[in-house]
Amino acid sequence: MSKKILLSGVKPTGRPHIGNYFGAMKQFVDLQNEYEAYVMIADYHALNLIQSKKEMEENILGVALDYLAIGLDPEKVTIFKQSDVSAHTELAWIFDTLTTMPYLMRAHAFKDAEAKNKDISVGTFNYPMLMAADILLYDADVVPVGQDQKQHIEITRDTAQKFNNTFGEVLKLPEHIILDEVAVVPGTDGQKMSKSYKNTIPLFATDDELEKAVMGIVTDSSAGIPINVYEMHKLFRSEEELKSLYREKEGKYKELKEALLTDIKAFITPLREKRAELEKDISYVTKMLEEGGLRANAVAGSKLSQIKKAIGVL
Ligand code: TYM
């Protein structure tokens, strides 16, 4: 029996944080044997934010290294750059013609962006159409993501449905995989961990960065437990172990933060070492992306032909 298909990705907008890791990237690794997996570097999505050649190049390479360092196996997973597969932007245009502006104006990400800055790019507005194309070109069954991407998967399903109603059954409706315990990983201030809130713990942080971030966690407490410390600690230790530790050290916030710091370091150090090792052979990484791009192009190209036939242009 052939395997079900997984597709997901990360935007190369800077260093990924432990929210990205636990919310999504870890699932890519955990599911890589069970699914036929496609894992993207969503560089054209990042272009809405990153408009510097140097930064874009560094970030793309950075995410490729991150993927390998956390344990994605390029023998099993097609790791590729979105911009290497032009079918994505081509299909996004087709979807643009089917989707209405009022529908896209209801998207949370658009509303948030517009609330901050009225001058948003057309690319920010159209973001969900490119994401729908990313997913639907591979007939993905599942898309592992964090909670903040849930609406994008719903928009993807609506778009597929609309296409199928108009042109016949061509597109497969995907399901999201969102794990409850890590759907919204909190940052150092207790809000959702996010680069834009400056409350992150980078996945490959140095020891100094880790110490600064962990010691800076806002210690709002409830019944003697520093909630933000505890919530983050849950990512690294079972609740059973934590309960006795937090009981034993009730009210001793500094010691609890130190215990968390030790656990984060124990987790991050081997990842950091593996990444440093990989950095010594960048040509391996670029070759892997090239090969991934070829494989992705073959799959996406044949799906796009099917789509073009259905709409009457091929
Ligand atoms: P991005 O790059 O913003 O984030 C990558 C993944 O990390 C998850 N995430 C979190 N999960 C839990 N807690 C948090 N605090 C947290 N912060 C981020 C995100 O939900 C995401 O799963 N649009 C996507 C990239 C993308 C994509 C796709 C994903 C482009 N095309 C196709 C899946 C399928 C994004 O901006 O993710």
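Since this is a predicted model, take the numbers as computed values, not measurements. Sequence order sets the numbering: in each chain, residues are counted from 1 along the sequence as written. Note on the predicted model: pLDDT of at least 70 is required for a residue's local features to be given, and 80 or more for side-chain atom pairs to be given and counted; whole-chain, interface and lining totals, by contrast, use all residues. To obtain the side-chain values, all non-hydrogen atoms of the structure were included, while hydrogens and water were left out.

Chemist: Even after reading the chapter, I still don't get the overall build of the protein chain, so can you show me in this structure?
Modeler: Along the backbone of the protein chain there are 13 helices and seven strands. Relative to the 2.2 N^0.38 estimate, which gives 20 Å for 314 residues, the radius of gyration of the protein chain is 21 Å and therefore close to what a compact globule would have. By its C-alpha atoms, the protein chain is 70 × 45 × 45 Å across when sized along the principal axes. The buried label goes to any residue with under 20% of its type's maximum accessible area, the exposed label to any with over 50%, and the partly exposed label to all in between, with areas taken from a 1.4 Å probe on protein chains only. Looking at the 314 residues of the protein chain, the share that counts as buried comes to 48%. Sequence separation of 24 or more characterises 79% of the internal contacts of the protein chain that already satisfy a separation of 6 or more. Accessible area for the protein chain stands at about 15500 Å²; split by element, carbon and sulfur atoms hold 51% of it. In summary, the charge assignment counts Lys and Arg as positive and Asp and Glu as negative, without counting His or the chain termini. Positions of charges follow a simple convention, taking NZ of Lys, CZ of Arg, CG of Asp or CD of Glu. Distance between charge centroids for the protein chain: 2 Å, based on 39 positive and 47 negative side chains. Numbering goes from the N terminus for both helices and strands, where a helix is a DSSP run of H or I of at least four residues and a strand is a run of E of at least two. Taken over C-alpha atoms, the radius of gyration is set against a globule rule of 2.2 Å times the number of residues to the power 0.38. A contact between two residues is defined here by any heavy atoms of the two lying within 4.5 Å. To be clear on the numbers: accessible area is Shrake-Rupley with a 1.4 Å probe, and residue cover counts the displayed protein chains and nothing else.

Chemist: Is there a simple way to think about the domain arrangement of the protein chain in this case?
Modeler: The source of the domain bounds is an automatic or database domain assignment. Here the protein chain is partitioned into domain 1 (5-183 + 282-311) and domain 2 (195-276). The C-alpha-based centres of domain 1 and domain 2 are spaced at 30 Å. With 17 residues of domain 1 at the contact, the number on the domain 2 side is 16 residues. Note on terms: buried area is the combined drop in 1.4 Å-probe accessible area of two parts once they are placed together, counting the loss on both. Across the domain 1 to domain 2 interface the summed buried area is about 1500 Å²; carbon plus sulfur atoms make up 65%. Of all residues in domain 1, the largest losses of buried area upon contact with domain 2 belong to R15, I18 and A69, amounting jointly to 40% of the total for that side. The closest approach of N and O atoms between D66 and R275, which form a salt bridge, is 2.6 Å. The definition of a polar contact used here is a pair of N or O atoms within 3.5 Å, where within protein one atom must be able to donate a hydrogen and the other to accept one, and adjacent residues in sequence count solely through side-chain atom pairs. On inspection of domain 1 and its partner domain 2, the count reaches seven residue pairs in polar contact (both at pLDDT 80 or more). Of all elements in the fold, only α1 (18-30) and α3 (53-70) reach the threshold of two or more residues within the side of domain 1 that touches domain 2. Sort the elements by how many residues they give to the side of domain 1 that touches domain 2 and α3 lands first, with six residues. Any residue outside Ala, Val, Leu, Ile, Met, Phe, Trp, Tyr, Cys, Pro, Asp, Glu, Lys and Arg is labelled polar, Gly included; the first ten of those are nonpolar and the last four are charged. Here the residues of the side of domain 1 that touches domain 2 are counted per class, giving ten nonpolar, five polar and two charged. Whenever a carboxyl oxygen of Asp or Glu lies within 4 Å of a side-chain nitrogen of Lys or Arg, that contact is scored as a salt bridge.

Chemist: Can you walk me through the environment of F110 in this structure?
Modeler: Looking at where F110 falls in the secondary structure, it is placed in helix α6 (residues 108-116). Of the residues examined, F110 reaches a relative accessible area of 9% and is grouped as buried. Separated by 185 residues in the primary sequence, F110 and R295 have C-alpha atoms spaced 32 Å apart. With residues near it in sequence (within four places) discarded, F110 still touches L104, M105, I120 and F125.

Chemist: Looking at this model, I keep getting lost on the packing of α3 against helix α13 (residues 282-311). Mind explaining?
Modeler: What describes two packed helices is the angle between their axes and the distance between those same axes. Two elements in contact, α3 and α13, have axes separated by 10 Å at closest approach and are oriented at 90°. Considering their axes alone, α3 and α13 lie roughly perpendicular with respect to each other. Within the contact between the two elements, α3 uses I60, L61, A64, L65 and L68 and α13 uses I282, Y284, V285, M288 and L289. Looking at side-chain class alone, the contact of α3 with α13 contains ten nonpolar, no polar and no charged residues. For every element, the axis is a line fit to its C-alpha atoms; helices are fit only across the contacting stretch, and the angle between N-to-C directions ranges from 0 to 180 degrees. Under this scheme an angle from 65 to 115 degrees is roughly perpendicular, one under 35 degrees roughly parallel, and one over 145 degrees roughly antiparallel; angles in between are oblique.

Chemist: What's the story with the side chain of K303 in this structure? I'm lost.
Modeler: Structurally, the position occupied by K303 is in helix α13. If near-sequence neighbours (up to four positions away) are discounted, K303 is found in contact with L136, L137, D139, V170 and L171.

Chemist: Please explain α13 as it appears in this structure.
Modeler: Residues that lie three or four places apart on an α-helix share one face, since the helix turns once every 3.6 residues. Any helix carries an expected span of 1.5 Å times its number of residues minus one. End to end, α13 covers 42 Å across 30 residues, agreeing with the expected 44 Å (1.5 Å per residue, within 8%). Among the residues of α13, those classed as buried are V285, M288, L289, G292, G293, A296, A300, K303, L304 and I307.

Chemist: What should I look at first to understand the site of the ligand in this one?
Modeler: Any residue with a heavy atom lying within 4 Å of a molecule or strand is counted as near it. Taken together, 28 residues lie near the ligand, and K11, Y127, D134, D148 and V185 sit nearest. At 3.3 Å, a backbone N or O of G19 approaches a nitrogen atom of the ligand. Within the side chain of D134, an N or O atom sits 2.7 Å from a nitrogen atom of the ligand. Taken by itself the ligand offers 710 Å² of open surface, and the protein chains cover 96% of this. Elements represented by at least two residues in the shell around the ligand include exactly β1 (5-10), α1 and α7 (122-136). Its residues assigned to classes, the shell around the ligand comprises 15 nonpolar, nine polar and four charged.

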